[in-house]
Amino acid sequence: MTSLPLSLPSLALTLVFVACILVDLRRRRRQRLPPGPRPLPIIGNVHQMPKEMPWVVFSSWAKTYGDLMYMDFMGQPAIIVSDRTAAIELMEKRSMNYSDRPVLEMAKLAGFHQTMALEHYNDNWKIQRRLISPDYSPVKVRKYWPLQEKVTRLFVRNIIEDVSALRDNLRLQLGVIILRVTYGYSPQTPEDKFLVGGFTALDNFAKVATPGMWLVDVLPILKYLPSWLPGTSFLKTAQDWGKHLEDTVRSPYNWAIENIPTGLSLQPNLVSDVINRHNGKPLNGADENALVWAAGTMLGGALETNISVTLTFLMYMILNPEVQRKGQAELDSVVGHDRLPSISDRADLPYIRGIITETLRRGPPVPLCTPHAAHEDDVYRGYAIPKGAWIMANIWHMYNDPEQFPDPEVFSPERYNGDDVEMEKVKGLAFGFGRRTCPGKHFTEALFYSIVATILATCDVLPGLDVNGKEVLPKVEYEAGSITQPKPFPLRIKPRSPQAAALLTDVSPAIE
Ligand code: HEM
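These numbers were taken from a predicted model, which means no experiment stands behind them. (Residues numbered from 1 in each chain as written. Predicted model: local features only at pLDDT ≥ 70, side-chain atom pairs only at ≥ 80, totals over all residues.)

Re the overall build of the protein
Move 1: Along the protein, the regular secondary structure elements total 18 helices and nine strands.
Move 2: Taking 512 residues into account, the globule formula puts the C-alpha radius of gyration at 24 Å, and the protein, at 25 Å, falls close to it.
Move 3: With the C-alpha coordinates of the protein rotated into their principal frame, the extents come out at 95 × 55 × 50 Å.
Move 4: By the burial criterion, 45% of the 512 residues in the protein qualify as buried.
Move 5: The long-range share in the protein, meaning contacts at least 24 apart out of those at least 6 apart in sequence, stands at 75%. (Helix = DSSP H or I, 4+ residues; strand = E, 2+ residues; numbered from the N terminus. Rg over C-alpha atoms; globule rule 2.2 N^0.38 Å. Buried ≥ 20, exposed ≤ 12 C-beta atoms within 10 Å, placed from the backbone. Contact = placed C-beta atoms within 7 Å.)

Here's the deal with the site of the ligand
Move 1: Near the ligand there are 26 residues, and of these Gly-301, Ala-302, Gly-432, Cys-438 and Gly-440 occur at the shortest range.
Move 2: Of all the secondary-structure elements, those providing two or more residues to the shell around the ligand are helix H12 (285–319) and helix H17 (441–458).
Move 3: A per-element tally of the shell around the ligand places H12 first, with seven residues.
Move 4: Residues that form the shell around the ligand fall into these classes: 14 nonpolar, 10 polar and two charged. (Near = placed C-beta within 6 Å. Nonpolar A, V, L, I, M, F, W, Y, C, P; charged D, E, K, R; others polar.)

Description of the UniProt feature "binding site: heme" (unreviewed entry) in the protein
Move 1: Mapped onto the present numbering, the UniProt feature "binding site: heme" (unreviewed entry) falls on Cys-438.
Move 2: With respect to the helices, strands and loops of the structure, Cys-438 is situated in the loop between helix H16 (420–430) and H17.
Move 3: Classification of Cys-438 as buried rests on a count of 21 C-beta atoms within 10 Å.
Move 4: Residue contacts for Cys-438: discarding those within four places in its chain leaves Gly-301, Phe-431 and Gly-432. (UniProt positions renumbered as here; feature names shortened; annotations may be inferred.)

Thoughts on the sheet that holds strand E9 (residues 491–495)
Move 1: Read from one edge to the other, the open sheet built from three strands follows the order E8-E7-E9, with strand pairing classed as antiparallel. Sheet topology places strand E8 (471–472) and E9 at the edges, where each strand pairs with a single neighbour.
Move 2: The pairing of strand E7 (residues 459–465) with E9 spans five bridges and is antiparallel. Bridged to Cys-459 within E9 is Pro-495. (Pairing = 2+ DSSP bridges.)

Observations concerning the sheet that holds strand E3 (residues 372–373)
Move 1: Taken together, the four strands give an open sheet; going across it, the order is E1-E2-E6-E3, and neighbouring strands pair in mixed fashion. Looking along the sheet, the strands with just one partner apiece sit at the ends: strand E1 (68–73) and E3.
Move 2: Pairing between E3 and strand E6 (residues 390–393): two bridges, direction antiparallel. Within E6, the position partnered with His-372 by the bridge is Ile-391.

A closer look at the environment of Ser-333
Move 1: With respect to the helices and strands, Ser-333 occurs in helix H13 (residues 321–335).
Move 2: The sequence separation of Ser-333 and Gly-36 amounts to 297 residues, and the corresponding C-alpha distance is 52 Å.

What to know about the pairing of strand E2 (residues 76–81)
Move 1: Among the six residues that make up E2, six are buried, leaving the element largely enclosed by the rest of the structure.
Move 2: Every second residue of E2 is oriented toward a common face, with Gln-76, Ala-78 and Ile-80 on one face and Pro-77, Ile-79 and Val-81 on the other, all of them buried.
Move 3: Pairing of E1 with E2, which is carried by six bridges, proceeds in the antiparallel orientation. Paired with Met-71 across the bridge in E2 is Ala-78.
Move 4: Hairpin remark: E1 followed by E2, antiparallel, with two residues in the connecting loop; positive phi at Met-74, about 55 degrees.
Move 5: Direction of pairing for E2 relative to E6: parallel, over a ladder of four bridges. Counted as the bridge partner of Val-81 is Ala-393 from E6.

As for the nonpolar core
Move 1: Ranked by internal contacts, the top residues of the largest apolar core, which has 136 residues, are Ala-295, Ile-391 and Val-452.
Move 2: The biggest single contributor to this core is H12, with 19 residues.
Move 3: Apart from the residues within four sequence positions on either side, Ala-295 is in contact with Thr-182, Tyr-183, Tyr-253, Leu-270 and Val-271. (Core = buried A, V, L, I, M, F, W, Y, C linked by C-beta atoms within 7 Å.)

Re unusual backbone geometry
Move 1: For the peptide bond that leads from Gln-267 to Pro-268, omega is -10 degrees, which places it in the cis range.
Move 2: Counting through the fold element by element, Pro-268 comes out in the loop between helix H10 (233–262) and helix H11 (270–277).
Move 3: A positive phi angle, near 65 degrees, is found at Ile-42, a position not held by glycine.
Move 4: On the secondary structure map, Ile-42 appears in the loop between helix H1 (8–30) and helix H2 (54–65).
Move 5: In the Ramachandran plot, Cys-369 falls in the positive-phi region, its phi being about 55 degrees despite a non-glycine side chain.
Move 6: Tracing the backbone through its elements, the reader meets Cys-369 in the loop between helix H14 (350–362) and E3.
Move 7: Residue classification places Cys-369 among the buried positions, given that 26 C-beta atoms sit within 10 Å.

Written out as structure tokens, the structure reads:
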């Protein structure tokens, strides 16, 4: 019999390996963690982290493991919450413990931890929220309604002219609104540097904000490797993204500050309002830094999310022509044909509010919410939730629960029967939980309402045509990423009447 020689380093490695397994086993036995897919020693569930639409994969696993599912990413605990009540009990009723964000190493290396969205639950985050909150209350956002209505009308006019540029147009017009509202700046073309910078930073954000996507997130020690070592290109990527991010948040802010006195910065806007509340004086260092990052995050928060809901709305209108007809009939009877719908009509349009609610339910732009993190150890429904655990709310699963929503895959505004309390409960989920709830919710609801009502009042949304002129229905498929949107689909947009088109032609393109 031959014996294999065991060198000292490989013996040490084997011992470390065995020790890790034992520590891991002991920890599991001590705590009664929620059930979840079987982990491997050391790496846990890393190999099972889905790359495409994880919310759909987690949803199918929830059928086996239940409302609270435990996953382990190389020792990093994660709880996938698939039940609305549990999400609310944890992140709203126990918000003291669940308002933190995970340490996402790649995001941190690239500077994204300074954004309001990924900042820990600390003083800097509180200052950021305090600075922006007064401008985004349900009452205060009304001052932006005329701007939202105008830009929506310009957007609809443009897509009637050329629907092939739909996504470019959406980017430009949403960029116009949010840069105008945040900095008083109005971009003129889709190539505008502040706009392109915002979208690029957002692409990078989406790549770093999904837990478990980067090895360094689960093996933080990797960040100390020298950048010349093969396999460490993530360090250079993080450095490049970090430089870009700094420039993206600072340049429009500096432009806004320089142009308050010149009058070029259009009023009102977030940065000016904060300075005005400060008696027109510059903010001190920490507050100014917080405003730079808060404003930059508001810009980022608004862009891809609104593109996502608009595309989802168009997709479901093609797939549900009878819903489209009913929405149009409601608008015709309430608004008539002599004017365009305004945001103040919203209260009289329950079916349109149902369409909006169903759009969010069928296509939540942030299907796994932005992950929260447990500040301290906790016990919930008899299960241990370890300190530092990522809390990932599977909003998509909650929206597809057949007990709550019979035939969940059917797009049916009728299911709410005009009941606003019910609709609010449903819509609310799409904007997250507790202290981290989306601060742009009221602003964006008015904007999205304006998009839906203007399109339906003036246009028919129709399937695209293939080379033989045959109609092609969209497939309900979403891109990967923490903020997702439908994959490209063909469509046609036709004005409902010459009168409707004329109402849009009359809109002046000047942004004030
Ligand atoms: C349809 C549109 C939108 C949806 C579905 C949406 C959804 C969300 C969700 C799910 C979160 C995470 C909440 C949580 O962690 O519990 C969030 C956070 C955030 N959203 Fe939105 N959002 C939208 C539009 C906007 C707009 C228009 C703005 C800005 C004007 C905005 C700014 C933000 C910011 C700054 C955060 C981070 C908040 C924090 O961590 O404290 N969002 N949003």
